[in-house]
Amino acid sequence: MLLFTPGPTPVPEAVRTAMAGPTIHHRTPEFEAIFKEARERLRRLFGMDECVVLASSGTGAMEACVTNLAARKVLTVNAGKFGERFGKIAQAFALETVELKYGWDTPADVEDVKAALADDPDIDAFCIQVSESAGGLRHPVEEIAAAIKEINPEIMVIADGITAVGVEPIDTSNIDALIAGSQKALMLPPGMAMIGLSDAAVEKIGGGRGYYFNLSSEIAKQRKNTTAYTAPTTLIIGLNKVLEMIEEEGYESFYRKTRARALATRAALEAIGCVLYPKTPALSMSTVYDEEADAVRSVLKSEFGVNIAGGQDHLKGRLFRINQMGLIPVHESAWVVNAVEWAYDRLDRRAYDGLASKVFNEVYYANEKR
Ligand SMILES: *Cc1c(COP(=O)(O)O)cnc(C)c1O
C-alpha cells in the first residue's frame, strides 16, 4: 500500500535502517555527538538562530510556543482545525484570545491582521499555520509577519510549519518561532516536534514557563547537546539521517522536486475535472473538493493500493488530500493521479484515456529542470 496521506508520511528505508541500531543512553558522548550534528542540520533547515526538539507530537510544540511566548493576549488565525487549535491552547492556559476566522479554503488577509492589532494593543503574540492541513491551504505568512513587525517588533510571530518546513523555503526574517513535526515533511515516525527560534524569541522566553514544555530549560540543555529530560534518541538518530539525505540531495533540488510534483499533481487532477479546494493551495498536499471523495478513496485503496486522506468536520466525505511532502519517488506520484483517473472511470464520471498521466509528466518535467 502506498501511503499518500499528508502525515504520517513514509519513512525512507535508509532512515529506518539508521534507527534500527541498539538503544544508546542519552547522557553519553556518543549520543551528544549525534545530537550536535542533528542540531546544526536543523538550524540550517529552519534558517534560524536557535532550535529545540521536544519529545511530543506537533501539538506539544504549538503549546510550548504559546505558553512561552505569549504573556497577555494572542491573535490567532482559524482557517481550519489546526488554526482553531492555537486558540484552544491559549484558552486552556487562560490567555485572552482574538480570533480571525476564515473558510477552510480562504487564506488570511494581512489587512485583517493589521486591523486586529490596531484595535487591541494588548496583543503580544500572533499564531498562524504556514500550510493549514485541514483544507490544504497556504497562508501568506511571510507578508503578514513583515506587516506585524512593522507595527510592533515586540509581537511574537509563531508559525506552525508542520506541513511547510521541509516542503518549501520559508523566509524566517520576521518569524520568531517556526514549528516542525517528525511525521510530516520530515519523513520520520510520529513522536517528535522541533521549533526554530529567533534571537528575539529566546530573549522573550527568558526563564520560560511551565515545566515539561519550559523552553528556557530546553534551550539551556540543548545548547550543550543534551535535553532536559530523556531524549527521543531513536527519532533524533532518524532526524540526523533524514537531514543528511536531504543535504546530500541539496535543498534547492529537494524543494524544486517537491514543487514540481505538487504542480504536476494539481494540473493532472484539474485536467480530468477535479476541483481544487483551496484558493491558495499549499505545496504540501493536493486537496480536491469532491462530493464522492470517500468512494474515490475507497477505489484507490482497494484496487490501486493507494491510501490518501479525506476531509474533517463539515468537509468529511467531501475532500480528498494527496500528500506531496518528503522524498517521494516521482513514479509513485504519477501512479496516484493515474489511479484517481481510473477511480473516476470506475465511478462512471469520466472514461479513462490516460490524460492524468500525460499532463502529470509534461508539467513535472517542465518544472523539475533547473
Ligand atoms: C499534523 C499537524 C499538526 C500537529 O498534529 P500532531 O498530531 O500533534 O502532530 C499541527 N499543525 C498542522 C498544520 C498539522 O498538519
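Attention here is on the structure that accompanies the text. Note that the coordinates shown come from a computational prediction; the quantities given were computed from them, not determined experimentally.

This part covers the pairing of strand 3 (residues 73-78). Extensive coverage of strand 3 is indicated by the burial of six of its six residues. Side-chain alternation along strand 3 places K73, L75 and V77 on one buried face and V74, T76 and N78 on a second face that is also buried. With six bridges connecting them, strand 3 and strand 4 (residues 96-101) associate as parallel partners. The partner of V77 across the bridge, within strand 4, is L100. Handedness of the crossover joining strand 3 and strand 4 through helix 4 (residues 81-92) is recorded here as right-handed. Where strand 3 and strand 5 (residues 123-129) come together, four bridges link them in parallel fashion.

Per the counting criterion, the structure on display carries 28 salt bridges. Its salt-bridge partner being E247, residue R44 comes within 3.0 Å of it at the nearest N-O pair. Of the two residues, R44 is situated in helix 2 (residues 29-46) and E247 in helix 9 (residues 233-249); the sequence distance between them amounts to 203 residues. The partly exposed category is assigned to E247, whose relative accessible area is 25%. What you see here is one network of salt bridges that share partners, running through E37, R41, R44 and E247.

Turning our attention to unusual backbone geometry. Residue G7 is joined to P8 through a cis peptide bond whose omega torsion reads -5°. Relative to the elements of secondary structure, P8 occurs in the loop between strand 1 (2-3) and helix 1 (13-18). Positive phi values are uncommon outside glycine, yet M187 reaches one of about 60°. Classification of M187 as buried rests on a relative accessible area of 2%. Here the phi dihedral of D313 falls at roughly 50°; this positive angle occurs in a residue that is not glycine. Within the secondary structure, D313 is located in the loop between strand 13 (306-307) and strand 14 (319-323).

Note on placement: K221 falls in helix 8 (residues 215-222). Put simply, K221 and E248 are 27 residues apart on the chain and 29 Å apart in space, counted from C-alpha to C-alpha. Apart from the residues within four sequence positions on either side, K221 is in contact with T226, T227 and A228.

Taken together, 14 residues sit near the ligand, with S57, T59, S133, D160 and K184 positioned nearest. The separation between an oxygen atom of the ligand and a polar side-chain atom of S133 is 2.5 Å. Here the ligand loses 89% of its free accessible area of 390 Å² to cover by the protein chains. Secondary-structure elements contributing two or more residues to the shell around the ligand are helix 3 (58-69) and helix 4. Examining the composition of the shell around the ligand, we find that three residues originate from one element, helix 3, more than from any other. By residue class, the composition of the shell around the ligand is three nonpolar, eight polar and three charged.

Thresholds applied
- Residues numbered from 1 in each chain as written.
- Predicted model: local features only at pLDDT ≥ 70, side-chain atom pairs only at ≥ 80, totals over all residues.
- Heavy atoms only, no water.
- Buried < 20%, exposed > 50% of the residue type's maximum accessible area, 1.4 Å probe, protein only.
- Helix = DSSP H or I, 4+ residues; strand = E, 2+ residues; numbered from the N terminus.
- Pairing = 2+ DSSP bridges.
- Right-handed = clockwise from strand over helix to strand, strands pointing away.
- Salt bridge = Lys/Arg side-chain N within 4 Å of Asp/Glu carboxyl O.
- Contact = heavy atoms within 4.5 Å.
- Near = heavy atom within 4 Å.
- Polar contact = N/O pair within 3.5 Å; in protein donor to acceptor, adjacent residues only side chain to side chain.
- Areas by Shrake-Rupley, 256 points an atom, 1.4 Å probe, with all protein chains shown as cover.
- Nonpolar A, V, L, I, M, F, W, Y, C, P; charged D, E, K, R; others polar.

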